[in-house]
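Architecture at a glance
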Amino acid sequence: MGVAGALRRAEAVGRGAGEPMRLDAATLEDLEVLEASDGRVEGSAWGLARGFARTARGKALLRDWLRAPLGDLDAVRARQAAVASAGDVDDASPWRPLDAVVALAVDGRGDKDARHARKALAALGSGRIRPRHLASLLRGCLALAGAAPAAGARAAAAGAAAAAAAAAAAPALRGAAELLGKLDADACERDDVDAAPRDGACAALAAARGAVGDRAAALGGELAALRRLLGKPRLEWKHVRSGSTTLEYLVELKKRDAEGLEAAGKIDAKTWFVASETRDLRRYVAPAVGGLVDALRVARERAKLAARAAFGAVAADADARLSAPLRAVLDLAALADALRALGALAREPGWALPALGGPAGTLALRGLRHPTLVAEGGACVANDVELRAGD
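First things first, this report covers the structure right here in the doc. Predicted model only: the values in this text are computed from it and were never measured. (Residues numbered from 1 in each chain as written. Predicted model: local features only at pLDDT ≥ 70, side-chain atom pairs only at ≥ 80, totals over all residues. Heavy atoms only, no water.)

1. Some details on the environment of F273
To keep things clear, this is the line we draw: To qualify as a helix, a DSSP run of H or I must reach at least 4 residues; to qualify as a strand, a run of E must reach at least 2; elements of each kind are numbered from the N terminus. The cut-offs for exposure are 20% and 50% of the maximum accessible area for each residue type, with area from a 1.4 Å probe on protein chains only; residues under the lower value are buried, those over the upper are exposed, and the others partly exposed. Here, two residues are considered to be in contact whenever any of their heavy atoms come within 4.5 Å of each other.
In this structure, F273 sits in strand β3 (residues 273–277). Under the relative-accessibility criterion, F273 is labelled exposed at 51%. For F273 and V285, which are 12 residues apart along the polypeptide, the C-alpha to C-alpha distance reads 5.1 Å. In this structure F273 touches R283, Y284 and V285, once residues within four positions along its chain are discounted.

In structure tokens:
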């Protein structure tokens, strides 16, 4: 039980070169890595470290690191060097260029679209993203691209690779502007997938919407001709639902007027279909109107299908072009956040960044205190420990 038991269990777990240690649940509990003895996160090692992180992904990354500690000495030294570098707070810090990217990803602050980019990215990958979320994702890409450090930004050590990778991803993220130009902002805000893609999104959509316009113009011309024929320039068209169908653009006339128009030869009882009739009113489907209405309805359905296909194509294009660079930038922001959190913790009074490189087979700890006791704020006695191989 306790620390000694946890160490023995950790030693018993085999691992390949460069692989992290795999800590079981009992070890994590004994060492209070993720939860304190009272079950709270706040008093655990992770609870202490995550208090210095700013992003949700950075906090999750710290949790992953604590659950699976590095077991390779070179890997440990590399991370320690990165923490030391990330802990710099002056303007010359190699991590300073990534601070703007981290700020955009902070939960509850910064740019809303950039903050929600990771969630929208998951919906994009599943092919189920909605117009509002796609537009937000594209705006977030542009915000992150603007915050990413320039290719020539000063960086050193571990910060150099992170800043350079973010800079390399920025041009791809700027491609979001082209995709955003294919979407109608107001339709996306309404989450209207049928209206979201602009006509220029694809030729098939432009042709389908053009056909709707042609059919609507033909119907409008026929309706205007009917008003002239009947001598009723302000005639209003009626729409009546019958069962599961809706009869549109019906000519509603008083029976007396209808009979007079029939007698005058302006309404042909053989070609004007009586859709419904009451004691005082008669509603007609005028010749050609029914066919024109059907043609317009078919054109609208085809335009809807074309719009959904066009929106799907824009989303697929966004996934192919932006997912990888966006994940890279968000992951780099999380990495910078996690490393800087550890660096900030190491600067706290009573904390230190462990130094590696002493005699082989020797572990020397000075002023050792358990982090959960420190978290409780009470007095605790520091101890010095030195372990040698074979002891």
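The rest of the description comes next.
2. A short note on the sheet that holds β3
We count it as follows: Pairing between two strands requires that DSSP report at least two bridges joining them. Between N-to-C directions, angles cover 0 to 180 degrees, with each direction set by a line fitted to C-alpha atoms, over the stretch in contact for helices.
One open sheet holds the four strands; their spatial order is β1-β2-β4-β3, and the pairing between them is antiparallel. Strands at the two margins of the open sheet, each flanked by one partner only, are β1 (237–242) and β3. Across this sheet, the average inter-strand angle for adjacent strands is 45°, counted without regard to direction. Alignment of strand β2 (residues 245–254) against strand β4 (residues 281–285), held across four bridges, turns out to be antiparallel. Directly across from E252, in β4, lies its bridge partner R283.

3. Overview of helix α15 (residues 289–346)
Heads up, the rule is: Each helix should span, by expectation, one fewer than its residue count multiplied by 1.5 Å. By definition, a residue's bend is the angle between the axes fitted to the seven residues ending there and the seven starting there.
In a regular helix each residue adds 1.5 Å, so 58 residues correspond to 86 Å; α15 covers 79 Å between its end C-alpha atoms and thus fits that length. Taking the largest bend as the criterion, α15 deviates by roughly 50°, centred on L322, and proline P325 comes between one and four positions later.

4. Points about a nonpolar patch on the surface
What counts here: Patches here are clusters of residues that have more than 30% relative accessible area and form no salt bridge, with a 9 Å joining cutoff for like charges and a 5 Å cutoff for nonpolar side chains (Val, Leu, Ile, Met, Phe, Trp, Tyr). Throughout, the Shrake-Rupley method with a 1.4 Å probe supplies accessible areas, and for residues the shown protein chains are the sole cover considered. Salt bridges are identified by distance alone: a Lys or Arg side-chain nitrogen within 4 Å of an Asp or Glu carboxyl oxygen.
On the surface, L363, L365, L368 and L387 cluster together to form a nonpolar patch covering roughly 300 Å² of accessible area. Inspection of the secondary structure assignment puts L365 in strand β5 (residues 362–368).

5. What about the pairing of β3?
Two elements, β3 and β4, share four bridges in a ladder whose sense is antiparallel. Bridge pairing in β4 places V274 opposite Y284. Counted between consecutive antiparallel strands, the loop separating β3 from β4 contains three residues.

6. Digging into the packing of aromatic side chains
Cut-off, in case you're wondering: When two rings of Phe, Tyr or Trp (its six-membered ring) have centres within 6.5 Å they constitute a pair, described as stacked for plane angles under 30 degrees, edge-to-face for angles over 60, and tilted for the intermediate range. A ring has a charge above it when a Lys NZ or an Arg CZ is no more than 6 Å from the ring centre and no more than 35 degrees off the ring normal.
What the rule picks out here adds up to one aromatic pair. Each ring, one from W272 and one from Y284, has its centre 5.7 Å from the other, and the planes form 85°; the classification is edge-to-face. On the criterion of sequence distance, the pair formed by W272 in the loop between α14 (255–263) and β3 and Y284 in strand β4 is long-range, its members being 12 residues apart. With a relative accessible area of 5%, W272 lands in the buried category. Here the basic side chain of R63 rests over the ring of W46, its NZ or CZ set 5.4 Å away from the ring centre.

7. Topic: unusual backbone geometry
Positive phi, normally seen in glycine, also occurs at E32, with a value near 50°. Tracing the backbone shows E32 in the loop between α2 (25–30) and α3 (45–50). A positive phi angle, near 65°, is found at D191, a position not held by glycine. Mapped onto the secondary structure, D191 falls in the loop between α12 (185–190) and α13 (203–230). Overall, D191 belongs to the buried group, its relative accessible area being 19%.

8. Describing the nonpolar core
Basically, it comes down to this: Residues grouped as a nonpolar core are buried Ala, Val, Leu, Ile, Met, Phe, Trp, Tyr and Cys residues, joined through side-chain atoms within 4.5 Å.
Within the largest apolar cluster, 29 residues are counted, with the highest numbers of intra-cluster contacts made by L124, L134, L137, L138, L173, L322 and L326. By residue number, the principal contributor to this core is α15, which donates eight residues. Residues within four places of L322 in sequence aside, it is in contact with L138, C141, A172, L173, A176 and L179.

9. Some details on the packing of helix α9 (residues 131–147) against α15
Each pair of packed helices gets described by two things: the angle between the helix axes and the distance between those axes. Which entries qualify depends on this criterion: Small angles under 35 degrees read as roughly parallel and large ones over 145 as roughly antiparallel, with 65 to 115 read as roughly perpendicular and the rest as oblique. Each crossing gets its hand from how the near helix is turned against the far one by less than a right angle, where anticlockwise is left-handed and clockwise is right-handed.
At their nearest, the axes of α9 and α15 sit 11 Å apart, and the two run at 40° to each other. Relative to α15, the element α9 is oriented oblique. In this structure, α9 crosses over α15, and the sense of that crossing is left-handed. Seen from α9, the contacting residues are P131, L134, L137, L138, C141 and L144; seen from α15, they are F311, V314, A315, A318, L322, L326, V329 and L330.

10. What to know about the pattern of salt bridges
Inspection of every chain in the model, using the stated rule, returns 16 salt bridges. E277 is the partner of R282 in a salt bridge, and the nearest nitrogen-oxygen pair spans 2.9 Å. Taking the shortest distance from any N to any O, the salt bridge between K304 and E301 comes out at 4.0 Å. Here K304 pairs with E301, and both are found in helix α15, just three residues apart, close to one helical turn. Overall, the relative accessible area of 35% leaves K304 in the partly exposed class. Owing to a relative accessible area of 42%, E301 belongs among the partly exposed residues under this scheme.

Structural measurements only, silent on function.
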